[in-house]
Amino acid sequence: MATTAKRKQKDEKQFTFAWQGRDKSGNISKGKIDAADLASAKALLRRQGINPHKMKREGSSLFSSRNAAIKAVDIAYFIRQLATMMKAGVPLLQGLDLVGNGADKVKLKKMIYEIRSDVNGGLEFAKALTRHPDYFDDLVCSLVHAGEQSGSLETMLDRIATYKEKTESLKKKIKKAMTYPLAVVAVGVIVSAILLVKVVPQFEQVFSSFGADLPAFTRLIIDLSEWMQQWWFVCLIGAVGFGFGFAKLRDKSQKFSDAVDRAVLKIPVFGSILHKAAVARFARTLSTTFAAGVPLVEALDSAAGASGNVVYRNAIIQIRNGVSTGQALQHAVQMTGVFPVMTIQMISIGEESGSLDHMLDRIATFYEEDVDNAVDNLSSLLEPLIMVVLGVLVGGLVIAMYLPIFQLGNVV
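Every chain's residues receive numbers from 1 upward, in the order its sequence appears when written. With pLDDT at 70 or above as the cut-off, local features in this predicted model cover only qualifying residues; side-chain atom pairs require 80 or more to be listed or tallied, and sums for whole chains, interfaces and linings still use all residues. Side-chain numbers come from the whole structure's heavy atoms, not from hydrogens or water.

1. Some thoughts on the overall build of the protein
The test is simple: Segments assigned H or I by DSSP are reported as helices when at least four residues long, segments assigned E as strands when at least two residues long, and all are numbered from the N terminus. Between the two quantities, the radius of gyration covers C-alpha atoms and the globule rule is 2.2 Å times the number of residues to the power 0.38. With a 1.4 Å probe rolled over the protein chains alone, any residue whose accessible area is under 20% of its type maximum counts as buried; one over 50% counts as exposed, and the rest are partly exposed. Note on contacts: a residue pair is in contact if any heavy atoms of the two residues lie within 4.5 Å.
Counting secondary structure elements, the protein contains 16 helices and 3 strands. Whereas a compact globule of 412 residues would reach a radius of gyration of roughly 22 Å, the protein reaches 29 Å, over 25% beyond that. Taking the principal axes of the C-alpha coordinates as reference, the protein spans close to 90 × 65 × 45 Å. Burial status across the protein gives 36% buried among its 412 residues. Long-range contacts, defined here as pairs at least 24 residues apart, represent 58% of the contacts in the protein between residues at least 6 apart.

2. Focus: the pattern of salt bridges
Put simply, the rule is: Definition used for salt bridges: Asp or Glu carboxyl oxygen within 4 Å of a side-chain nitrogen of Lys or Arg.
The final tally for this structure, using the stated rule, is 14 salt bridges. Arg219 is the partner of Asp223 in a salt bridge, and the nearest nitrogen-oxygen pair spans 3.4 Å. Pair noted here: Asp223 and Arg219 are both in helix H9 (residues 216–252), with a separation of 4 residues, about one helical turn. Take Asp223: its relative accessible area is 38%, and that puts it in the partly exposed class.

3. Notes on empty space enclosed by the protein
Quick reminder of the rule: Using protein atoms alone on a 1 Å grid, points that fit a 1.4 Å probe yet trap it form a cavity, whereas open point sets bounded by protein on both sides within 12 Å along at least five of seven lines form a pocket; residues with an atom within 4 Å of a point count as lining. Grid points are joined across faces, edges and corners, and a volume is the space filled by probe spheres set on the points. Each residue gets one of three labels, nonpolar for Ala, Val, Leu, Ile, Met, Phe, Trp, Tyr, Cys and Pro, charged for Asp, Glu, Lys and Arg, and polar for the others, Gly among them.
Applying the stated criterion across every chain, the model contains 1 cavity of 30 Å³ or more. Considering only enclosed or pocket space, the largest cavity measures out at about 30 Å³ in volume. Around the largest cavity sit Phe78, Ile79, Leu82, Phe125, Leu129, Phe136, Val140, Val144, Leu157 and Ile160, which together line it. Going through the elements one at a time, helix H3 (72–87), helix H6 (125–130), helix H7 (138–150) and helix H8 (153–207) are the ones with two or more residues in the lining of the largest cavity. Per element, the largest residue contribution to the lining of the largest cavity is 3 residues, and it comes from H3. Counted by class, the lining of the largest cavity contains 10 nonpolar, no polar and no charged residues.

4. Focus: the packing of aromatic side chains
Threshold: Working definition: rings of Phe, Tyr and Trp (its six-membered ring) pair if their centres are within 6.5 Å, and the pair is stacked with planes under 30 degrees apart, edge-to-face with planes over 60 apart, and tilted otherwise.
This model, assessed by the stated rule, comprises 6 aromatic pairs. Relative to Phe136, the ring of Phe78 has its centre 6.2 Å away and its plane inclined at 65°; by these criteria the two rings are edge-to-face. Residue Phe78 is located in helix H3, and its partner Phe136 is located in the loop between H6 and H7; the two are separated by 58 residues in the primary sequence. For the residue pair Phe78 and Phe136, the accessibility class agrees, reading buried in each case. Between the aromatic rings of Phe246 and Phe256, the centroid separation amounts to 5.4 Å while the plane-to-plane angle is 80°, which identifies the pairing as edge-to-face. Highlighted residues: Phe246 in helix H9 and Phe256 in helix H10 (residues 254–264), separated in sequence by 10 residues. Taking the relative accessible area as the measure of exposure, Phe256 reaches 25% and is therefore partly exposed. Pairwise contacts between aromatic rings join Phe242, Phe246 and Phe256 into one cluster.

5. Some thoughts on the side chain of Arg281
Where we set the bar: We score Asp and Glu as negative and Lys and Arg as positive, and we do not count His or the chain ends.
Structurally, the position occupied by Arg281 is in helix H11 (residues 270–291). Buried charge without a salt bridge: Arg281, with Glu168 as the nearest opposite-charge side chain at an N-O distance of 8.4 Å. The contacts of Arg281, once residues within four sequence positions are left out, are Leu170, Ala306, Ser307 and Gly308.

6. Things to note about helix H13 (residues 310–324)
Here is the rule: Take the number of residues in a helix, subtract one, and multiply by 1.5 Å to get its expected span. Whenever two N or O atoms come within 3.5 Å, that pair is a polar contact, provided that in protein one can donate a hydrogen and the other can accept it, and provided that, for residues adjacent in sequence, both atoms are side-chain atoms.
In a regular helix each residue adds 1.5 Å, so 15 residues correspond to 21 Å; H13 covers 21 Å between its end C-alpha atoms and thus fits that length. Those residues of H13 lying buried are Val310, Tyr312, Ala315, Ile316, Ile319, Gly322 and Val323. At its buried positions, H13 is contacted by H10, H11, helix H12 (296–305) and helix H14 (329–336). You can read the cap of H13 off the contacts: a side-chain oxygen lies 2.9 Å from the backbone nitrogen of Val311, and it is on Asn309.

7. A word on the confidence of the model for the protein
Inclusion rule: pLDDT is a per-residue confidence score from the predictor, ranging from 0 to 100.
Averaged over every residue, the pLDDT of the protein is 81; the share at 70 or more is 92%. Taken element by element, the predicted model of the protein shows its lowest mean pLDDT in helix H1 (residues 2–12) (42) and its highest in H13 (91). Scored below 50 in pLDDT, residues 1–12 makes 2 contacts in the model with residues more than four places away or belonging to other chains. Confidence drops under a pLDDT of 50 for residues 60–64, and excluding neighbours within four residues, the segment shows 2 contacts in the predicted structure.

8. Observations regarding the packing of H3 against H8
Applicable threshold: The convention used is that axes are lines fitted to C-alpha atoms, helices contributing only their stretch in contact, and that angles between N-to-C directions extend from 0 to 180 degrees. Geometric relationships in this document are graded by angle, where less than 35 degrees denotes roughly parallel, more than 145 denotes roughly antiparallel, 65 to 115 denotes roughly perpendicular, and other angles denote oblique. By definition, turning the near helix anticlockwise from the far helix through less than a right angle yields a left-handed crossing, and turning it clockwise yields a right-handed one.
Where H3 meets H8, the axes come as close as 8 Å, and the angle between the chain directions of the two elements is 150°. Of the possible angle classes, the one that applies to H3 and H8 is roughly antiparallel. In terms of crossing hand, the pair formed by H3 and H8 is left-handed. Each of Ala72, Val73, Ile75, Ala76, Ile79, Arg80, Leu82, Ala83, Met86 and Lys87 in H3 lies in contact with H8, whose residues at this interface are Leu153, Glu154, Leu157, Asp158, Ile160, Ala161, Thr162, Lys164, Glu165 and Glu168. For the contact of H3 with H8, the residue count by class is 12 nonpolar, 1 polar and 7 charged.

Written out as structure tokens, the structure is:
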């Protein structure tokens, strides 16, 4: 038994081989392939119709992108590739083989091979995905299961890929809106701190030889510099500790996480973008699940789980409870008092016309584009504001240091 486990562990280990050879047409080609050993690599190439002449195993670096963790965008790309191949008539197992061979990240490649092995062993594709809950949530697994049961797996994979791509694009826009100004201001603070610790003391030595009283502003900066020289490490540890503690507390305390969710929605400008993003996420999730034939109550459960904010999660749960008791979706959405009037009206039109999934898709597209425009406009508006902040931080220090010199020149 132990021998079997060791052999399995050895088989799972993959290496990258650079190869050069000729294809079926006799043309010279080259590339890279992953396999357990050299013989396996040659066998894989021959199955693809390639006769390899030169092969060399490549080493891997600890910090190489191949060793990076699997991200949500990788999962979206994996599903998109698989959907494209299956639409072209490639069987599921062969599609998993091709996608796995083309994967750049070792962890992603290993996961795809594990899924392929489970499916080859007789497990349903949806069940194979549930064995990797960190990468495939209940929504994706239930949609894949629905696709398998209805015999339209390739169509369902295409819908899931579109859903994942839209969701990740929306997350990227929100992250851009939140991190860009914070990153620039953080750089300004770091530069100011370096000036206070390293540059201002040099000016202080020059000023001590003047034998005159320094301007109040300069004196203030020098006092701040002396304090920073003495306590800079405390400030650094405090900043790192605050960030680490905030992240841990939000991860461990649901009450604190919910309070943060409510607070961020009230931030001027940013809060409006987050509101629109939440509405887009709700409409996109509900559209995808409802179009896949999932009952509305179950679709609302999935939308609540994918909402990303406690305010909208509670609102969607309220909608689900209303719909389960016989309320119309439009009325249940209106009762929450959270969703925009346009969203409520479009849902009402969708219910009356029997095209709710298409109307929800239009709502999602509208708000996704609205978020995109809002982020671009915000970036344009913030750039001059950020320049002002940096000018005050860095320029203020420079003025404070040269102010005594200017005054000395006036005296002379």
